[in-house]
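# Architecture at a glance
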Amino acid sequence: MRRLRRSESMRALVRETTLEPGDLIYPLFLCPGEGVRREVGSMPGVFQLSIDEAVREAEGAAALGIGGLLFFGLPESKDEEGTGAWDQNGIVQQGLRAIKNSTAAKKLVLIADVCLCEYTSHGHCGIIAETAEGWTVKNDPTLDLLAKTGASLALAGADVIAPSDMMDGRVGAIRTALDIAGCEDTPILSYASKFASAFYGPFREAADSAPQFGDRKSYQMDGANIREAMREIDLDLGEGTDMILMKPAMPYLDVIRAARERVDVPIGAYQVSGEYSMLQAAFAKGWLDRDRAILESLLGIRRAGADFAVTYFAKDAAKLLA
Ligand SMILES: [Zn+2]
């Protein structure tokens with residue numbers, strides 16, 4: 001076996017998996033204001049950005065050859081229903097319009113996350129109802145709000161709509177709303193299997209979306225279940241999703257592999273905030289070789305079967321790959 005490992009040119013010739021800047025999607029957190037660049041404490045190198053700063057960031061990403069951007073919003077104010085999510089002048093809608101008008105937009109796929117948790121005062125991904133046992137997130141009434149949100153983001157300029165809420169039936173509801181709004185050419189990237197994970201912790205600081213009570217285990221998936229993940233994917237495909245996103249990545253690489261062997265639609269995987277933060281912490285301690293660990297973590301996601309990776313390391317990785 002060692003004959004084929006003797007030089008870098010030989011290793012490059014027989015390499016099975018590639019990683020390119022175009023395979024990477026860079027998440028951005030949009031906030032109100034001007035000239036705002038607020039670093040997220042638990043995610044060094046990740047910032048909440050006002051729209052003018054986000055445009056600059058988008059142009060940088062485009063210059064590095066990154067494939068696309070994924071948008072999250074921090075609204076001015078929140079309420080019970082999350083009305084900021086589908087407001088035509090909502091923070092992400094404004095950001096999409098600004099970036100769509102920049103030179104960066106021609107080189108980047110602009111993906112809008114669809115969920116309510118950044119916009120609801122209680123921080124859950126849907127409408128809350130009181131029950132005898134306490135509370136529940138109501139499924140079907142939430143679908144109408146998600147559908148409105150998806151259409152609003154597409155009309156504002158999103159190239160792809162990416163629902164992350166994990167309500168049942170949301171892909172179908174969003175597809176219908178997109179078609180009615182005249183956005184029949186806008187594809188859906190559904191977070192088809194999204195597990196209830198401890199690795200989302202730092203994101204909740206970045207997006208200010210921590211649930212004020214309870215947890216998300218009644219809608220996000222149980223980490224023990226791979227067959228259930230396949231059912232989620234089948235259902236989303238049946239409802240018309242064009243691509244699927246798996247989340248988190250590293251603790252669930254076997255689920256990505258299983259999906260790859262089962263379906264032929266493009267698959268993305270999200271290297272989530274906790275995966276990023278623990279690597280950053282190790283780099284800060286000098287415990288891991290930063291450059292090699294970044295590329296190895298992303299190559300693993302590609303080798304598992306993902307076509308593209310959403311990652312906070314997108315810019316770092318693109319520079320290393322240049
Ligand atoms: Zn959510």
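These lines cover the structure that appears in this document, whether it is placed above or below. Along every chain, residues carry numbers that run from 1 in the direction the sequence is written. Local features in this predicted model are restricted to residues whose pLDDT is 70 or higher, and side-chain atom pairs enter the listing and the counts only when it is 80 or higher, whereas totals over whole chains, interfaces and linings include all residues. Water and hydrogen atoms were dropped before computing side-chain values, which therefore reflect all heavy atoms in the structure.

### With respect to the overall build of the protein chain
The following threshold applies: A run of DSSP states H or I qualifies as a helix once it reaches four residues; a run of E qualifies as a strand once it reaches two. Both are numbered from the N-terminal end. Each residue's exposure class comes from its accessible area (1.4 Å probe, protein chains only) as a fraction of the maximum for that residue type: buried when under 20%, exposed when over 50%, partly exposed otherwise. Whether two residues are in contact is decided by their heavy atoms, any of which lying within 4.5 Å being enough. Here the accessible surface of atoms and residues is derived via Shrake-Rupley with a 1.4 Å probe, and residues count as covered only by protein chains that are part of the display. We score Asp and Glu as negative and Lys and Arg as positive, and we do not count His or the chain ends. By convention, the point assigned to a charge is CZ for Arg, NZ for Lys, CD for Glu and CG for Asp.
Broken down by element type, the protein chain carries eleven helices and twelve strands. Across its three principal directions, the C-alpha atoms of the protein chain cover 65 × 45 × 40 Å. For the protein chain, the proportion of its 322 residues judged to be buried stands at 54%. Across the protein chain, contacts joining residues at least 24 apart in sequence account for 74% of those joining residues at least 6 apart. By element, 50% of the accessible surface of the protein chain is carried by carbon and sulfur atoms, the whole surface being about 14,300 Å². Taking the 35 positively charged and 46 negatively charged side chains of the protein chain as two groups, their mean positions are separated by 9 Å.

### Some remarks on unusual backbone geometry
Of the consecutive residues Lys-247 and Pro-248, the connecting peptide bond is found in the cis state with omega at -10°. Its location among the elements puts Pro-248 in the loop between strand E10 (243-247) and helix H8 (253-262). Backbone geometry places Met-166, a non-glycine residue, at a positive phi of 70°. Tracing the backbone shows Met-166 in the loop between strand E8 (160-163) and helix H5 (170-180). What makes Met-166 buried here is its relative accessible area of 4%.

### Re the pairing of strand E2 (residues 37-40)
Selection rule: At least two bridges found by DSSP between two strands are what make those strands a pair.
As paired strands, E2 and strand E3 (residues 43-49) are joined by four bridges and run antiparallel to one another. Across the sheet, Val-40 pairs through a bridge with Met-43, a residue of E3. Between E2 and E3, which pair antiparallel and follow one another directly, the connecting turn spans two residues.

### A closer look at the packing of helix H3 (residues 91-100) against helix H4 (residues 139-156)
Filter applied, for reference: To get an axis, fit a line to the C-alpha atoms, keeping to the stretch in contact for a helix; angles then go from 0 to 180 degrees between the N-to-C directions. Here roughly perpendicular refers to angles of 65 to 115 degrees, roughly parallel to angles under 35, roughly antiparallel to angles over 145, and oblique to all remaining angles. Handedness of a crossing is defined here by the sense of rotation of the near helix relative to the far one, left-handed for an anticlockwise turn of less than a right angle and right-handed for a clockwise turn. Any residue that is not Ala, Val, Leu, Ile, Met, Phe, Trp, Tyr, Cys, Pro, Asp, Glu, Lys or Arg is counted as polar, Gly included; the first ten are nonpolar and the last four charged.
Where H3 contacts H4, the two axes come as close as 8 Å, and the packing angle between them is 25°. One finds that H3 runs roughly parallel with respect to H4. Seen from above, H3 lies across H4 with right-handed handedness. Contacts from Val-92, Gln-93, Leu-96 and Arg-97 of H3 reach H4 at Ser-152, Leu-153 and Ala-156. In terms of residue class, the contact of H3 with H4 is built from four nonpolar, two polar and one charged.

### Focus: the coordination of the zinc ion
So the rule is basically this: Note: metal donors comprise N, O and S atoms at 2.8 Å or less from the metal (3.2 Å for Na, K and Ca); water molecules are not included, so apparent gaps in a site are possible.
Around the zinc ion, the protein supplies Cys-115 (SG), Cys-117 (SG) and Cys-125 (SG) as donor atoms, at distances of 2.2 to 2.3 Å. Sequence spacing among the residues donating to the zinc ion works out to C-x1-C-x7-C. Residue Cys-115 is found in the loop between strand E5 (109-114) and strand E6 (127-131), and its partner Cys-125 is found in the loop between E5 and E6; the two are separated by ten residues along the sequence. Classification of Cys-115 as buried rests on a relative accessible area of 2%. Judged by its relative accessible area of 0%, Cys-125 falls in the buried class.

### What about the side chain of Ser-197?
Inspection of the secondary structure assignment puts Ser-197 in the loop between strand E9 (189-194) and helix H6 (201-206). The class for Ser-197 is buried, based on a relative accessible area of 12%. If we skip the residues at most four places from it in the chain, Ser-197 touches Gln-220 and Pro-248.

### Side note on the nonpolar core
Threshold: By nonpolar core is meant a set of buried Ala, Val, Leu, Ile, Met, Phe, Trp, Tyr and Cys residues that side-chain atoms within 4.5 Å join together.
Core analysis: the largest hydrophobic core is formed by 107 residues, its most contacted members being Phe-29, Leu-69, Phe-71, Leu-96, Ile-161, Ile-244 and Tyr-270. Contacts of Leu-96, omitting those with residues within four sequence positions, involve Phe-71, Leu-110, Ala-112, Leu-153, Ala-156, Gly-157 and Ala-158.

### So, a nonpolar patch on the surface
Short version of the rule: Here a patch means residues that are over 30% exposed by relative accessible area and free of salt bridges, tied together within 9 Å if like-charged and within 5 Å if nonpolar (Val, Leu, Ile, Met, Phe, Trp, Tyr). Salt bridges are defined by distance alone: a side-chain nitrogen of Lys or Arg within 4 Å of a carboxyl oxygen of Asp or Glu.
A contiguous nonpolar surface patch, about 360 Å² in accessible area, is contributed by Leu-4, Met-10, Leu-13 and Val-14. Along the chain, the position of Met-10 falls in helix H1 (residues 8-13). Overall, the relative accessible area of 30% leaves Met-10 in the partly exposed class.

By themselves, these are just geometric observations and shouldn't be taken as functional.
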